[in-house]
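Structural characterization, general
Here are the chains, one letter per residue:
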Amino acid sequence: MTNDYQEFQRHFGRYLRDPRRCQRPPGIPARAAAVYSELLFNNVCGFLDACFPVCRELLGESRWRRLNRSFYRDWPLHTPWFREIPREFARYLAGAGIKPPLPAWLAELAHYEWVELAVEAMDAPIPDHDPEGNLLQKPVVVNPACRVLTYAWPVHRIGVVYRPRKPLLTYLAVHRAADDTVRFSELNAVTARLLALLSAAPITGLAALQQIADELEHPSPHQLIAFGSELLLQLRRQGILLGSQLTACPIGITDSSG
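The shown structure was predicted, so the numbers you read here are calculated from the model rather than taken from an experiment.

Criteria and thresholds
Residue numbers here run from 1 along each chain, matching the order of that chain's written sequence. Per-residue local features are limited, in this predicted model, to residues with pLDDT of at least 70; the limit for side-chain atom pairs, both in listing and counting, is 80 or more; totals at the level of whole chains, interfaces and linings are taken over all residues. To obtain the side-chain values, all non-hydrogen atoms of the structure were used and water was disregarded. Under the DSSP-based scheme used, a helix requires at least four consecutive residues in state H or I and a strand at least two consecutive residues in state E, with every element numbered from the N terminus. Values of the radius of gyration come from C-alpha atoms, whereas the globule rule sets the reference at 2.2 Å times the count of residues to the power 0.38. Type-normalised accessible area, obtained with a 1.4 Å probe on protein chains alone, sets the label of each residue: buried when under 20%, exposed when over 50%, and partly exposed for intermediate values. Residue contacts follow a heavy-atom distance rule, with two residues in contact if any of their heavy atoms lie within 4.5 Å. All accessibility values rest on the Shrake-Rupley procedure with a 1.4 Å probe; residue burial counts only the protein chains present in the view. Residues scored as positive are Lys and Arg, those scored as negative are Asp and Glu, and His as well as the terminal groups of each chain are ignored. The working definition used for a salt bridge is a side-chain nitrogen of Lys or Arg within 4 Å of a carboxyl oxygen of Asp or Glu. An automatic or database domain assignment supplies the residue ranges for each domain. Working rule for helices: expected span equals 1.5 Å times residues minus one.

Glancing now at the overall build of the protein chain. Helix and strand counts for the protein chain come out as nine helices and five strands. Tracing the protein chain from N to C terminus, the helices and strands come up as α-α-α-α-α-α-β-β-β-β-α-α-α-β. Taking 18 Å as the expected radius of gyration for a compact globule of 258 residues, we find that the protein chain reaches 24 Å, considerably beyond that expectation. Its C-alpha atoms put the protein chain at 80 × 45 × 30 Å along the principal axes. A burial count over the protein chain gives 40% of its 258 residues as buried. Counted over contacts in the protein chain with a minimum sequence separation of 6, partners at least 24 positions apart contribute 61%. About 14900 Å² of surface is accessible on the protein chain, with carbon and sulfur atoms providing 55% of the total.

Okay, structure coming up:
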């Protein structure tokens, strides 16, 4: 009985995903099955519409619904949570291999739109820190509700009046501020690298800046560190950095800038 019921569930699931090509299970009235299938699809579309308004607007209603349908039919969802549907849609686009007539930047734009929801909802308790701590001499505390992203396309600029024809390497930080709003910041490559170093492990701002100077083979490391010191303060004002750890400076890290 159990095996028969599981086979019925799989059969009914295949029909619900693709009623045009899969036969309806015996014993299910055609009208009831059609209504249920459309109800489920519309529920999925509701979550996608809410999370990806720019993608929807740029594709137009017809192409957008066809894309929703192909996702609903083809992507093997492994989560029972409706709130995770947008994440799965972004994964679907990233793995499906976008081809014309869909824009080449669509997958990254969808990921960019999804990140706002992800950062807003993420469980990221604020660690103990000193909000006025010395960011050069003490390990820096990065906002745990922050993601540094690298895109091949300028996704933050894409809209009705701008649809890029060529890739443009883009760095962005997305973070949840103290008032729970989600904010986006455009970065350059050096700032993105700095945040990556600060996020990877406890490290002082000075040590991170010294490593960047070494990586760049910068002719004037002291100048880069002076500029970086102001950058750290700016990132703290933005809420991307929270402050410093409530610990002493690690042994061996000293200020060599002066």
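That covers the picture; the talk isn't over yet.
Attention now goes to the side chain of Glu113. Following the sequence through the fold, Glu113 ends up in helix α6 (residues 106-121). Despite being buried, Glu113 has no salt bridge partner; Arg56 is the closest side chain of opposite charge, sitting 10 Å away. Setting aside anything within four residues of it in sequence, one finds Glu113 in contact with Cys51, Phe52, Pro53, Val54 and Cys55.

The next point concerns the domain arrangement of the protein chain. Where the parts come together, the accessible area they lose is often given as the size of the interface. Taken domain by domain, the protein chain comprises domain 1 (1-102) and domain 2 (124-247). A C-alpha centroid distance of 38 Å is found between domain 1 and domain 2.

Evaluated as defined, the whole model comprises 11 salt bridges. In this structure, Arg69 engages Glu38 in a salt bridge whose closest nitrogen and oxygen atoms are separated by 3.8 Å. Here Arg69, found in helix α4 (residues 61-74), pairs with Glu38, found in helix α2 (residues 30-51); they are 31 residues apart in sequence, far enough to count as distant. Residue class for Arg69 comes out partly exposed when judged on its relative accessible area of 23%. Judged by its relative accessible area of 36%, Glu38 is partly exposed. Across the pair Asp49 and Arg65 runs a salt bridge, and its minimum N-O distance is 2.6 Å. One end of the pair, Asp49, is in helix α2; the other, Arg65, is in helix α4, and 16 residues separate them in sequence. The exposure class assigned to Arg65 is partly exposed, which follows from its relative accessible area of 23%. Look at the salt bridges and you will find they share partners, linking Asp49, Arg56, Glu61 and Arg65 into a network.

The subject of this paragraph is helix α8 (residues 205-216). In this model α8 runs 16 Å from its N-terminal to its C-terminal C-alpha over 12 residues, within 8% of the 16 Å that 1.5 Å per residue would give. The set of residues buried in α8 consists of Gly205, Leu206, Ala207, Ala208, Leu209, Ile212 and Ala213. Residues of α8 that are buried make contact with β1 (140-142), α7 (189-200) and α9 (221-238). One or two residues past the end of α8 sits Glu217, with phi positive at roughly 50°.

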